[in-house]
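Observations on the three-dimensional arrangement
Now for the letters of each chain:
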Amino acid sequence: MEVDLSWNVIISPEQLDAKGLLLHKAIILRLMDDIASRKASKEHGYYVAVTTLNSVGEGKVRELSGDVLFPVTFTCITLKPIKGDILVGSVDKILKHGIFLKAGPIGSIFLSEKTMRDYKYVGGDNPMFLNDKHANLEKDTMIRFKVLGLKWLESDREFQVLATLAADFLGSL
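Small disclaimer: the values here were computed from a predicted structure and weren't measured.

**A few points about the side chain of Thr164**
When you line up the elements, Thr164 lands in strand E13 (residues 158-164). Judged by relative accessible area, which is 5%, Thr164 ranks as buried. A distance of 2.9 Å separates a polar atom in the side chain of Thr164 from the backbone nitrogen of Ala166. In this structure Thr164 touches Leu111, Thr115, Phe145, Lys146, Leu148 and Leu170, once residues within four positions along its chain are discounted.

**A few points about the layout of surface pockets**
Its boundaries defined by the atoms lining it, the largest pocket holds a volume of some 240 Å³. Surrounding the largest pocket, 13 residues form its lining, Arg117, Tyr119, Asn131, Lys133 and Leu170 being those nearest its centre. Along the lines of polarity and charge, the residues of the lining of the largest pocket split into six nonpolar, three polar and four charged.

Conventions we followed
- Residues numbered from 1 in each chain as written.
- Predicted model: local features only at pLDDT ≥ 70, side-chain atom pairs only at ≥ 80, totals over all residues.
- Heavy atoms only, no water.
- Helix = DSSP H or I, 4+ residues; strand = E, 2+ residues; numbered from the N terminus.
- Buried < 20%, exposed > 50% of the residue type's maximum accessible area, 1.4 Å probe, protein only.
- Polar contact = N/O pair within 3.5 Å; in protein donor to acceptor, adjacent residues only side chain to side chain.
- Contact = heavy atoms within 4.5 Å.
- 1 Å grid on protein atoms, 1.4 Å probe; cavity = no way out; pocket = protein on both sides within 12 Å on 5 of 7 lines; lining within 4 Å.
- Points joined across faces, edges and corners; volume = space filled by probe spheres on them.
- Nonpolar A, V, L, I, M, F, W, Y, C, P; charged D, E, K, R; others polar.

This is how it looks when you write it as C-alpha cells:
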C-alpha cells in the first residue's frame, strides 16, 4: 500500500549547501535513515520504501545546535499485515511447539503446531515438521500461510503475527 506522510527532517550545518543539490540529497538520505530506524507504526504497518519526495518546506534553524529542520511530505510503500492475509515467509526457527517465520519486514511470525494439520514434529540435529505426504518444514523452507491474528508491540515497533496452515493451498512451496 502507498501512503502519503509528513515528517520533519533535521539536517546538520555541515550538510548544507548553497547550490541546494547536496541539500536535497542530504534530506532524502536522512529521511531514508529516519524511516529505517522508525521501522513501523500501528496505523500504517511496516515502512518498506520511500518512493517520492513530494515537497520540502522552508527550513527552520534550531538555535542551540544550528541544525535545520525541514518539514517534508513524501509517498511511502508500507506493509501492514491484516487478519486473513495470505503471505509467504521462510522458516527461521523450529521448536517442538511450532515454527517462527520471517516474511519481508515482518520478523515475528509464529506458526503453532496446533494449526499445522497433518504435520508432526521430528527432533534431532535438524529439527523439522513432516507430514504424511513427505512434505517437510525445516529451516529456510518457504511457506505460504494465512494470518490468524496479530498484535502491535509499541516498545518493539513491530507486529507479532499468529499464522496458520489450516486452509487450502497453504504449506511449503
